[in-house]
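So you can see what is in the structure, the chains are spelled out below.
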Amino acid sequence: GVALWRRLAGQRPRVFAAPLVTALLVLATVLGEPGDRLAALAALDEALAVARPLAEGSPGRFAPLVGRCYLLQGLRRAESGDDAAAVDALRDSMAVFRSLPDNGTAGFALERGLAAVMLAAEYGDRDEYAEASAVLSEALTVLARAPGENGSLHAFVLGTAYVLRAMALAGLEDHDAAMQAF
């Protein structure tokens, strides 16, 4: 799989670099599940190294790949306990999706919402409730603009954002707002 895409991308990068990035994202997902997070992170580093130049040349077409790379990198770094790197990757993912037309709400609301939920969870673990609440407010706004974009997964991310926002507000000791958030 990936070896073939690497070879093809080496021969014809304009045609095969983007499929290589997608193959690396799939590889990182597969490797991360059984716990080979170092190999998954290496695949993500390679994916970002290929995707960034593509996005510089054609941001509208390839920036979402970069956003997805950062999102998955943030998830894998959080799983491996590297919270600072997870926060950085998730912030980068959010920045990429914000830079897209319509602030990433058209077609990418789920990815942006998921990045926000994961970032808020990291902030919550650090007792940074104001940051968590702000990023969750953004997620709720984005997800509301694209209702049902991906069915039950959209509903799950939206519900998680509501629960985490209530928890962040409780952490800020704004109990009335926390109760209303539920």
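Read on for a plain summary of the structure.

Cut-offs and rules
- Residues numbered from 1 in each chain as written.
- Predicted model: local features only at pLDDT ≥ 70, side-chain atom pairs only at ≥ 80, totals over all residues.
- Heavy atoms only, no water.
- Axes fitted to C-alpha atoms, helices over the stretch in contact; angles between N-to-C directions.
- Helix = DSSP H or I, 4+ residues; strand = E, 2+ residues; numbered from the N terminus.
- Parallel < 35°, antiparallel > 145°, perpendicular 65-115°, else oblique.
- Left-handed = near helix turned anticlockwise from the far one by under 90°.
- Contact = heavy atoms within 4.5 Å.
- Nonpolar A, V, L, I, M, F, W, Y, C, P; charged D, E, K, R; others polar.
- Buried < 20%, exposed > 50% of the residue type's maximum accessible area, 1.4 Å probe, protein only.
- Phe/Tyr/Trp six-rings, centres within 6.5 Å; stacked < 30°, edge-to-face > 60°.
- Salt bridge = Lys/Arg side-chain N within 4 Å of Asp/Glu carboxyl O.
- Core = buried A, V, L, I, M, F, W, Y, C linked by side-chain atoms within 4.5 Å.

**Re the packing of helix α4 (residues 59–79) against helix α6 (residues 109–125)**
And then number 1: Between α4 and α6, the least distance of the axes is 10 Å, while the angle of their chain directions is 30°. Between α4 and α6, the interaxial angle falls into the category roughly parallel. Pair α4 / α6 crosses with left-handed handedness. Within the contact between the two elements, α4 uses Arg68, Leu71, Leu75 and Ala78 and α6 uses Glu111, Leu114, Ala115, Met118 and Glu122.
And then number 2: Looking at side-chain class alone, the contact of α4 with α6 contains six nonpolar, no polar and three charged residues.

**Notes on the side chain of Ser93**
And then number 1: Its place among the elements puts Ser93 in helix α5 (residues 83–99).
And then number 2: When its relative accessible area of 0% is taken as the criterion, Ser93 is described as buried.
And then number 3: Discounting residues that sit within four places of it in the chain, Ser93 has contacts with Gly67, Tyr70, Leu71 and Ala115.

**A short note on the side chain of Arg76**
And then number 1: Positionally, Arg76 belongs in helix α4.
And then number 2: Residues contacting Arg76, with those up to four places away along its chain left out, are Ala28, Thr29, Gly32, Glu33, Arg37, Ala40, Leu41 and Leu44.

**Comments concerning the packing of aromatic side chains**
And then number 1: Within the structure shown, the criterion is met by two aromatic pairs.
And then number 2: Relative to Phe16, the ring of Trp5 lies with its centre 6.0 Å away and its plane at 45°, an arrangement referred to as tilted. Here Phe16 lies in helix α2 (residues 13–32) and Trp5 lies in helix α1 (residues 2–11), a separation of 11 residues in the sequence.
And then number 3: In this structure Phe16 comes out as buried when scored by relative accessible area, which is 18%.
And then number 4: When the centroid spacing of 5.9 Å and the interplanar angle of 25° are considered together, the rings of Phe97 and Phe108 count as stacked. Of this pair, Phe97 sits in helix α5 while Phe108 is found in the loop between α5 and α6, placing the two residues 11 residues apart along the sequence. With respect to burial, Phe97 and Phe108 carry one shared label: buried.

**Structural notes on the pattern of salt bridges**
And then number 1: Using the criterion set out here, one finds nine salt bridges in the structure.
And then number 2: Between Arg98 and Glu138 there is a salt bridge; the shortest N-O distance is 2.8 Å. Separated by 40 residues along the polypeptide, Arg98 in helix α5 and Glu138 in helix α7 (residues 129–145) bring together distant segments of the chain.
And then number 3: Residue Arg98 is classed as partly exposed on the basis of its relative accessible area, which comes to 34%.
And then number 4: Taken together, the shared-partner salt bridges in this structure form one network comprising Arg37, Arg76 and Glu79.

**Comments concerning the environment of Ala9**
And then number 1: Structurally, Ala9 is set in helix α1.
And then number 2: The class of Ala9 is buried, set by a relative accessible area of 11%.
And then number 3: Counting along the chain gives 132 residues from Ala9 to Thr141, while the straight-line C-alpha distance between them is 38 Å.
And then number 4: What Ala9 contacts, discounting residues up to four positions off in sequence, is Phe16, Ala17 and Leu20.

**Quick word on the nonpolar core**
And then number 1: Counting residues in each nonpolar core, the largest one holds 32 residues, and the members touching the most others are Val21, Leu25, Val66 and Cys69.
And then number 2: For this core, the secondary-structure elements that each account for two or more residues are α1, α2, α3 (37–57), α4 and α5.
And then number 3: Apart from residues lying up to four places away in sequence, Val66 is in contact with Leu48, Ala51, Arg52, Ala55 and Val96.
And then number 4: Of all hydrophobic cores here, the second largest spans 21 residues; its members include Leu71, Ala115, Ala139 and Leu143.

Scope: geometric values only; no functional claims are made or implied.
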